[in-house]
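In case you want the letters, here they are:
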Amino acid sequence: MERAMPLIGIDIGTSFIKGAALDLEARRFGRVRRLPFPEPLPGRPPLHREFDPGAIMAAVRELIAALLPDAAPCEGLLICGLMHGLVWADAHGQPRSPLTTWQDQRVLEPHPSGAGSFFDVLAAQVAPDERRQLGNELRAGQPLGLLFWLAEQRRLPAPSLTPASLPDFVAANLCATQPTTAPTNAMAHGALNLDTMRWHEPLLERLGLGGLCWPAVQPEGSIVGLAEVGGRSIPCYMPVGDFQCALAGALLAPAELSLNIATGSQASMLLPERAFGDFQTRPFFDGRFLATITHIPAGRSLSALVALLSELAVGQGVALPDPWRYIADAAARTPATRIEADLAFFSSSYGDAGALAGLHEEELTVGHLFRAAFERMAATYHHAALRVARGQGWRGLVLSGGLAQKLPALRDTIAARFGTPYRFAPSSEDTMLGLLALGLAFSGRASSLGAAARMLASYREAGAE
């Protein structure tokens, strides 16, 4: 039998650029290597967040070179990456602007008309039915907002340049070709019409963006071009969104509810076909879609509480080596509390003004505070689950993300609130397992992502008990 040669999988995130060899025959990925994501460019105005795409490409190429011995002879490249980023690129994949990410919020600057922010003016021009067609995801931080900001100030670049997502830019640069995009990344621009799976041309014309060289939307699994790697020309598959890739790595099945709990958190379920409701609708693989709610308060809010409780010690020069272990133990020893915690300490899908209530002197402890936080998180996830399930329920929970792994008391609180068994995603490196599953499907070794997930159903992470 012909041996299935490895792919190289690359995951481009805002903290690290990660990669591994994807062995399609053994159905495993190798040691994950990491390089830090470059620091943001200094001296930018408030609300602006930009990065050097040349530094990103240098890191990607360094990582690929380090992985080549693990994946020789390499069969291809498969990339996922952060969503809602934007690089202007030319017809040969060369960058013609810095990278802006979802952290760039310049669209919230005041509009010259005095009608609110640039985002307010943009949102006022989007009809309710168009919001539905865009997946019910219109918000600051999407490339659509940045493009509108540029258009309103007559600062759009030459019409020959393509506004590309970061992973699409990386693939185009490696292959020296014009950027294209697959639906999972096209959706992140904020301008994909889910009814047609093409760019929303009427809305773009209205916003002054119709004349742009929008990237062609290609099917998932298409080939971008040939990347010159280690003296060989290697096919590069169309990049995919890291959000969808992580859910592919969780081996999410129909009727399962995914809760990804990390710095932020999301609740998601598979849709057999396109549907709309009180949730975001995103393209997935195999022609399916996701019902999802993102930006649910989680680790960022808990970290804010840790920072508050640690301030006196830090101010006195006392380092707390591992506050999370103490928090986990204290919450586990506190079965109930009267404290109520609203964790929306920042703009989120559940408000932008958190609060603590029901405080009693004898309960002003770490255990009671974090028990209240965990109970609020579990209740919020249950509310989000009811929205994405559309009244049809779920048969099980899939938990992923670092916070779910390290806080047993949070897991137990969620399980009690849902009254449903849960399982963990098979690997803490969920995007790498997702790239492995997609590699099996895209290379034809599995007939679909669903078939690839069934092939990986017995996957166990090295070192797992």
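Residues numbered from 1 in each chain as written. Predicted model: local features only at pLDDT ≥ 70, side-chain atom pairs only at ≥ 80, totals over all residues. Heavy atoms only, no water.

K.L.:
Explain the packing of aromatic side chains here, please?
P.N.:
How two aromatic rings sit relative to each other is given by the distance of their centres and the angle of their planes. Taken as a whole, this structure holds nine aromatic pairs when the rule is applied. With a centroid separation of 5.9 Å and an interplanar angle of 35 degrees, the aromatic rings of Y237 and F442 are classed as tilted. On the criterion of sequence distance, the pair formed by Y237 in strand β13 (residues 232-237) and F442 in helix α14 (residues 430-442) is long-range, its members being 205 residues apart. Across the pair, F442 and Y237 agree in class, each one buried. (Phe/Tyr/Trp six-rings, centres within 6.5 Å; stacked < 30°, edge-to-face > 60°. Helix = DSSP H or I, 4+ residues; strand = E, 2+ residues; numbered from the N terminus. Buried < 20%, exposed > 50% of the residue type's maximum accessible area, 1.4 Å probe, protein only.)

K.L.:
Help me understand a nonpolar patch on the surface, please; the structure alone is not making it clear to me.
P.N.:
Taken together, the side chains of L356, L359 and L364 present a nonpolar region at the surface, about 280 Å² in accessible area. Locating L356 in the fold gives a position in strand β20 (residues 355-357). (Patch = residues over 30% accessible without salt bridge, like charges linked within 9 Å, V, L, I, M, F, W, Y side chains within 5 Å. Areas by Shrake-Rupley, 256 points an atom, 1.4 Å probe, with all protein chains shown as cover. Salt bridge = Lys/Arg side-chain N within 4 Å of Asp/Glu carboxyl O.)

K.L.:
Sorry, what's going on with the environment of M187 here?
P.N.:
Turning to its location among the elements, M187 is positioned in the loop between α6 (183-186) and β10 (192-193). In this structure M187 comes out as buried when scored by relative accessible area, which is 3%. Every residue in contact with M187, bar those within four places of it in the chain, is listed here: L134, G135, E137, L192, L194, T281 and P283. (Contact = heavy atoms within 4.5 Å.)

K.L.:
Honestly, the sheet that holds strand β17 (residues 280-283) in this entry has me stumped. Any pointers?
P.N.:
As a general point, the strands of a sheet are linked pairwise by backbone hydrogen bonds and lie either parallel or antiparallel. Taking strand neighbours across the sheet as the criterion, the six strands line up as β17-β18-β16-β15-β21-β22 in an open arrangement whose pairing is mixed. Either end of the sheet is taken by a strand with one partner, and the two such strands are β17 and β22 (422-424). Strand-to-strand, the axes of this sheet are offset by a mean angle of 30 degrees, without reference to chain direction. Inspection of the sheet shows strand β16 (residues 264-271) paired to strand β18 (residues 289-297) by seven bridges, in the antiparallel sense. Each residue of the ladder has a partner; that of S265, found in β18, is I296. Contacts from helix α11 (residues 366-389) reach β15 (256-261), β16 and β18, with the element oriented near 155 degrees to β18. (Pairing = 2+ DSSP bridges. Axes fitted to C-alpha atoms, helices over the stretch in contact; angles between N-to-C directions.)

Honestly, that's just the spatial picture; any functional story needs more than this.
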